[in-house]
Amino acid sequence: MTGKVTGIQPYGAFVALDDNTQGLVHISEITYGFVKDVSEFLAVGQEVEVKILEIDEEAEKISLSMRALQERPATVRKKEAPPRKSLQDRVDESDANGFNSLKDKLQDWIEQSGQ
């Protein structure tokens with residue numbers, strides 16, 4: 001549907017669908033990606049294309065989306081990272097080095113203490 005932005009709030013924009021009906025485009029439904037400031041994307045009086053996501057007749061609220069009408073951006077593939085070692089594998093590696101040197105020194109310390 002085509003609507004007209006009637007108000008902007010930190011959490012989204014109100015859009016009039018006709019003279020008697022208005023809905024809210026939540027900030028998360030404006031576009032893909034992060035939206036910090038709604039007014040960077042929309043202005044009062046601007047005509048926008050929206051999709052109705054939900055009509056809550058009891059609460060008399062209409063949830064709208066602009067993002068639902070946009071093509072999802074292709075994700076940029078990163079170079080495949082080497083498989084990550086589990087936390088236990090990393091602890092075992094550290095233990096193998098750290099505790100072995102303590103184990104070796106422990107015997108020296110016992111002998112030095114005269115026991």
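Residues numbered from 1 in each chain as written. Predicted model: local features only at pLDDT ≥ 70, side-chain atom pairs only at ≥ 80, totals over all residues. Heavy atoms only, no water.

Looking at an unreviewed UniProt entry, one finds the chain named General stress protein 13, with Lysinibacillus fusiformis as its source organism.

A. Up close: the side chain of E29. Structurally, E29 is set in the loop between β3 (22–26) and β4 (47–49). By relative accessible area, E29 is classed as buried at 15%. Those residues within four positions of E29 in sequence are excluded, and the remaining contacts are L53, L64, S65, M66 and R67. (Helix = DSSP H or I, 4+ residues; strand = E, 2+ residues; numbered from the N terminus. Buried < 20%, exposed > 50% of the residue type's maximum accessible area, 1.4 Å probe, protein only. Contact = heavy atoms within 4.5 Å.)

B. Structural detail: the packing of aromatic side chains. Applying the stated rule across the entire model yields 1 aromatic pair. A ring pair is formed by Y11 and F14, whose centres lie 6.3 Å apart and whose planes are at 90°; its orientation type is edge-to-face. Judged by relative accessible area, which is 39%, Y11 ranks as partly exposed. Seen from the ring of Y32, R67 lies directly overhead, with NZ or CZ sitting 5.3 Å from the centre. (Phe/Tyr/Trp six-rings, centres within 6.5 Å; stacked < 30°, edge-to-face > 60°. Lys NZ or Arg CZ within 6 Å of the ring centre and 35° of its normal.)

C. Seen up close, the nonpolar core. Among the nonpolar cores identified, the biggest contains 15 residues, and V15, V25, I30, L42, V48, V50 and L64 are the most heavily contacted of them. Elements represented by at least two residues in this core include exactly β2 (12–16) and β6 (61–65). (Core = buried A, V, L, I, M, F, W, Y, C linked by side-chain atoms within 4.5 Å.)

D. Examining the pattern of salt bridges more closely. Counted by the stated rule, this structure contains 1 salt bridge. Taking the shortest distance from any N to any O, the salt bridge between R67 and E29 comes out at 3.2 Å. A residue pair is termed long-range when its members are at least 10 positions apart, and R67 in the loop between β6 and α1 (87–113) and E29 in the loop between β3 and β4 qualify at 38 residues. (Salt bridge = Lys/Arg side-chain N within 4 Å of Asp/Glu carboxyl O.)

E. Representation of a negative patch on the surface within the structure. Residues E54, D56, E57 and E58 make up a contiguous surface patch of negative charge. Mapped onto the elements of the fold, E54 is located in strand β5 (residues 51–56). (Patch = residues over 30% accessible without salt bridge, like charges linked within 9 Å, V, L, I, M, F, W, Y side chains within 5 Å. Areas by Shrake-Rupley, 256 points an atom, 1.4 Å probe, with all protein chains shown as cover. Lys, Arg positive; Asp, Glu negative; His and termini not counted. Charge placed at Lys NZ, Arg CZ, Asp CG, Glu CD.)

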